[in-house]
Amino acid sequence: FPVTIQTSELLFTVLSKLGSMTGISSFRSLAVHYSSLLFGLRSVPYVKDCDIFHVRSCFGRYCMPIAKEHGAICLVDHTIAHPNYLKKIAKQESEYWGQKSDWQPQGIYWNTCLQDLDEADYILTNSEFVSQTITQESDFPSKCIFVVPMGVNPELFCATPKNNNEESPSQFRFLYVGSLNYRKGILYLLEAWKKLNLMGAELIAVGALTNEVKPFLSQYENCNFTHIPHLPHSALSKIYQSADVFA
């Protein structure tokens, strides 16, 4: 069976769909792990003579050793907190809220991620926070970690005057964009919002809702809170432009 870039994408799609249909979160982890391994395997023929090899963490199992054999400097791109730090957060939040976290940074995918980080010559992160967790949870030298913030399309995501034709023009709008899960701290935000009980204000959360948070949402139904599961970039930019505060 030929291994192609499309093979890894197909495997990811199939396993992710199985996870959504069955509610078994481990399918998602398997999807990410095996699709990234296949992608890395398919990349091997393209790793030829180069001075610098730049790879995403968890994609380097097959191609990074080849690059090192050719004497290349390996840069590993990592944009989430160190897996050991994430384990602590998952355990802490599960105990605090009394509901097991959907998201457990363990198993073969995260072991592969750790191996890539350990074998990197340099690590590129997207924030100082991510860099700090790597130095905190590993022996990787901080002088070899560089922060490169993620890019944005300034033509799409730009500040504009608020549209006076909004459905609720009198509302002072707080906006949260991101997954609704323990790791992002959404329940702390919702608790604070409920206690503030601000008049003439609304909170909108845009992002995927996880099973761990779903049982709690009914507590905030009468708090002028709205959840939007997904928005395309064009609509997301408009809702950013309508907000007064980014939470």
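> Can you break down the packing of helix 4 (residues 83-97) against helix 6 (residues 128-137) residue by residue, with the values?
As a packed pair, helix 4 and helix 6 sit with axes 8 Å apart at the nearest point and diverge in direction by 95°. Taken as axis vectors, helix 4 and helix 6 run roughly perpendicular relative to one another. Residues Asn84, Tyr85 and Lys88 of helix 4 lie in contact with helix 6, whose contacting residues are Phe129, Thr133, Gln136 and Glu137. Across the contact of helix 4 with helix 6, the residue classes break down as 2 nonpolar, 3 polar and 2 charged.

> Tell me about the sheet that holds strand 3 (residues 122-125), and name the residues and values.
Strand order in the open sheet formed by 4 strands is 1-2-3-4, and the pairing between neighbours is parallel. Here the strands that pair on one side only, and so sit at the sheet edges, are strand 1 (52-56) and strand 4 (145-147). Taking the axes of each pair of neighbouring strands and ignoring which way they run, one obtains an average angle of 25° across the sheet. Pairing of strand 2 (residues 73-77) with strand 3 involves 3 bridges; the strand directions are parallel.

> Tell me about the pairing of strand 6 (residues 201-206), and name the residues and values.
Buried residues dominate strand 6, accounting for 6 of its 6 residues. Side-chain alternation along strand 6 places Ala201, Leu203 and Ala205 on one buried face and Glu202, Ile204 and Val206 on a second face that is also buried. At this point the chain moves from strand 5 (residues 172-177), through helix 7 (residues 186-196), to the parallel strand 6, and the crossover so formed is right-handed. Relative to strand 7 (residues 225-228), strand 6 is paired through 4 bridges, and the arrangement is parallel. Residue pairing across strands places Leu203 opposite Phe225, the latter belonging to strand 7.

> Break down the sheet that holds strand 5 for me, with residues and values.
Read from one edge to the other, the open sheet built from 4 strands follows the order 7-6-5-8, with strand pairing classed as parallel. The sheet is open, and its two borders are formed by strand 7 and strand 8 (245-246), each paired with just one other strand. Examined bridge by bridge, strand 5 and strand 6 share 6 bridges and lie parallel to one another. Directly across from Tyr176, in strand 6, lies its bridge partner Ala205. Here helix 7 sits on the sheet and contacts strand 5, strand 6 and strand 7; the angle it forms with strand 6, its principal contact strand, is near 165°. Against the sheet, helix 8 (residues 233-242) contacts strand 5, strand 6, strand 7 and strand 8, and its axis sits at roughly 140° relative to strand 5.

> Talk me through the packing of aromatic side chains; I want residue IDs and the actual numbers.
All told, the structure shown has 10 aromatic pairs when counted by the stated rule. Here the aromatic rings of Trp97 and Tyr188 are separated by 5.4 Å at their centres, their planes lie at 65°, and the arrangement is edge-to-face. Of the two residues, Trp97 sits in helix 4 while Tyr188 sits in helix 7, which places them 91 residues apart along the sequence. With a centroid separation of 5.0 Å and an interplanar angle of 65°, the aromatic rings of Phe174 and Trp193 are classed as edge-to-face. Linking Phe174 in strand 5 with Trp193 in helix 7, this pair joins segments that are 19 residues apart in sequence. According to the relative accessible area criterion, Phe174 is buried, its value standing at 19%. The class for Trp193 is buried, based on a relative accessible area of 6%. Three or more aromatic residues joined by ring pairs form one cluster here, namely Tyr96, Trp97, Tyr188 and Phe216.

> Tell me what's going on with helix 6, and back it up with residues and numbers.
Within helix 6, the full set of buried residues consists of Val130, Ser131, Thr133, Ile134 and Glu137. Projected down its long axis, helix 6 shows its buried positions confined to an angular sector of 160°, all on one face. Of the exposed residues in helix 6, the ones pointing more than 90 degrees away from its buried face are Glu128 and Gln136. Among the structural elements, helix 4, strand 3 and strand 4 are those in contact with the buried residues of helix 6.

> Break down the environment of Ile239 for me, with residues and values.
Turning to its location among the elements, Ile239 is positioned in helix 8. With a relative accessible area of 10%, Ile239 lands in the buried category. Separated by 62 residues in sequence, Ile239 and Val177 have C-alpha atoms that sit 9.9 Å apart. Those residues in contact with Ile239 that sit more than four places away from it in its chain are Arg173, Leu175, Ile204, Val206, Ile228 and Leu231.

What counts, and where the lines are drawn
- Residues numbered from 1 in each chain as written.
- Predicted model: local features only at pLDDT ≥ 70, side-chain atom pairs only at ≥ 80, totals over all residues.
- Heavy atoms only, no water.
- Axes fitted to C-alpha atoms, helices over the stretch in contact; angles between N-to-C directions.
- Helix = DSSP H or I, 4+ residues; strand = E, 2+ residues; numbered from the N terminus.
- Parallel < 35°, antiparallel > 145°, perpendicular 65-115°, else oblique.
- Contact = heavy atoms within 4.5 Å.
- Nonpolar A, V, L, I, M, F, W, Y, C, P; charged D, E, K, R; others polar.
- Pairing = 2+ DSSP bridges.
- Buried < 20%, exposed > 50% of the residue type's maximum accessible area, 1.4 Å probe, protein only.
- Right-handed = clockwise from strand over helix to strand, strands pointing away.
- Phe/Tyr/Trp six-rings, centres within 6.5 Å; stacked < 30°, edge-to-face > 60°.
- Arc of directions from axis to C-beta.

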